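So you can see what is in the structure, the chains are spelled out below.
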Amino acid sequence: MATILYARVSTAGQTIDHQRSQAEAAGFAIDEIIADHGISGVATRLIERPEGKRLYDKLRAGDTLVVRWVDRLGRNYQDVCDAIREFMRRGVVIRTVIHNMVFDGATKDPMQQAVRDALIGFMAALSQAQAEATREAQRAGIEHAKEQEGRYLGRKPTYTRETLAAVRALIQAGTAGTSDIARTTGLSRQTVLRIKEDPAKAEKALDAWETGEG
């Protein structure tokens, strides 16, 4: 039985080491890392990625698959749902670093199965919605780039829309302190505190940089 971290790095601001350090800080003992670089989670299904395909070939019953968040598996609702359910059918347990969610196919209780399946669908839909929102913001930013040229947008946020959503969810849950949230999301305590003090302002700063509108 092995614990395998699957990491997907699609932008220059992401690193494999960062995703591994977050997993280890959350208490996971990683036996192996399988990672895809420069691949879109929207356009490319997990099984079609070079290392994603190897992940399908490698995982066996009793293994644990660790991902930072379900969006590392994909940004398409159907693809993410299919991947998680296929791994569960094989007897693989899927766990996320953020929120420490567990998807296990071993349960036979119908109510637990229903809750689990609903959560899988919700997380997959959230991943796709976030990707679509980011694409729309990027398109708007390109369209307005010339007319906004030279406008000061303030300091560029150190968080992404994904990490902002994770911080806000953890704050709302009320089960983790500032330091714990910082370790889980990879942000500084100061950044977490600023988001906690004024989440609307944090959202606005991110919008400004995504759209180019200060």
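Looking up the protein chain in an unreviewed UniProt entry gives the name DNA invertase Pin-like site-specific DNA recombinase, with the organism given as Labrys wisconsinensis.

(A) Local environment of the pairing of strand β4 (residues 93-96). When strand β3 (residues 64-67) meets β4, the two strands line up parallel, connected through 4 bridges. Among the inter-strand pairings, V67 is bridged to a residue of β4, identified as T96. Handedness of the β3-helix α3 (residues 77-89)-β4 crossover: right-handed. Of the strand pairs in this sheet, β4 and strand β5 (residues 102-103) are connected by 2 bridges, and their pairing is antiparallel. Across the sheet, the residue bridging to I94 is F103, located in β5. Hairpin connection between β4 and β5: a loop of 5 residues separates the two successive antiparallel strands, and H99 in this loop has a positive phi of roughly 75°.

(B) Structural context of the sheet that holds strand β2 (residues 32-37). Strand order in the open sheet made by the 5 strands is β2-β1-β3-β4-β5, with mixed pairing throughout. At either end of the open sheet lies a strand with only one pairing partner, and these are β2 and β5. Examined bridge by bridge, strand β1 (residues 3-9) and β2 share 6 bridges and lie parallel to one another. Across the sheet, the residue bridging to A7 is A35, located in β2. Packed onto the sheet, helix α1 (residues 16-25) meets β1, β2 and β3 and runs at close to 140° relative to β1. Packed on one face of the sheet, helix α2 (residues 50-58) meets β1, β2 and β3 and runs near 150° to β2.

(C) The arrangement of unusual backbone geometry in detail. With a phi close to 75°, H99 is a non-glycine residue in the positive phi region. Relative to the elements of secondary structure, H99 occurs in the loop between β4 and β5. Judged by its relative accessible area of 28%, H99 is partly exposed. The phi dihedral of N100 is positive, around 50°, even though this residue is not glycine. Along the chain, N100 falls in the loop between β4 and β5. The exposure class assigned to N100 is partly exposed, which follows from its relative accessible area of 40%.

(D) Region of interest: the nonpolar core. By size, the foremost hydrophobic cluster in this structure holds 27 residues, and its most contacted members are Y6, L46, L55, L65, I84, F87 and F103. Broken down by element, this core gets its largest block of residues, 6 residues, from α3. Residue contacts for L65: discarding those within four places in its chain leaves I4, Y6, L55, L59, L73, F87, V92, V93, I94 and R95. Of all hydrophobic cores here, the second largest spans 11 residues; its members include L164, V167, A182 and L206.

(E) Local environment of the UniProt feature "active site" (unreviewed entry) in the protein chain. According to UniProt, the "active site" (unreviewed entry) feature falls on S10. By secondary structure assignment, the location of S10 is in the loop between β1 and α1. A residue is classified by how much of its surface remains accessible, and S10, at 32% relative accessible area, is partly exposed. Discounting chain neighbours no more than four positions away, the residues touching S10 are G38 and I39.

(F) Broad picture of the pairing of β3. Residues T64 and V66 line one face of β3 and the alternating positions L65 and V67 line the opposite face, and both faces are buried. The sheet contact formed by β1 and β3 spans 3 bridges and is parallel. Residue pairing in the sheet places T3 in a bridge with T64 of β3.

Each value, and the rule that gives it
- Residues numbered from 1 in each chain as written.
- Predicted model: local features only at pLDDT ≥ 70, side-chain atom pairs only at ≥ 80, totals over all residues.
- Heavy atoms only, no water.
- Pairing = 2+ DSSP bridges.
- Helix = DSSP H or I, 4+ residues; strand = E, 2+ residues; numbered from the N terminus.
- Right-handed = clockwise from strand over helix to strand, strands pointing away.
- Contact = heavy atoms within 4.5 Å.
- Axes fitted to C-alpha atoms, helices over the stretch in contact; angles between N-to-C directions.
- Buried < 20%, exposed > 50% of the residue type's maximum accessible area, 1.4 Å probe, protein only.
- Core = buried A, V, L, I, M, F, W, Y, C linked by side-chain atoms within 4.5 Å.
- UniProt positions renumbered as here; feature names shortened; annotations may be inferred.

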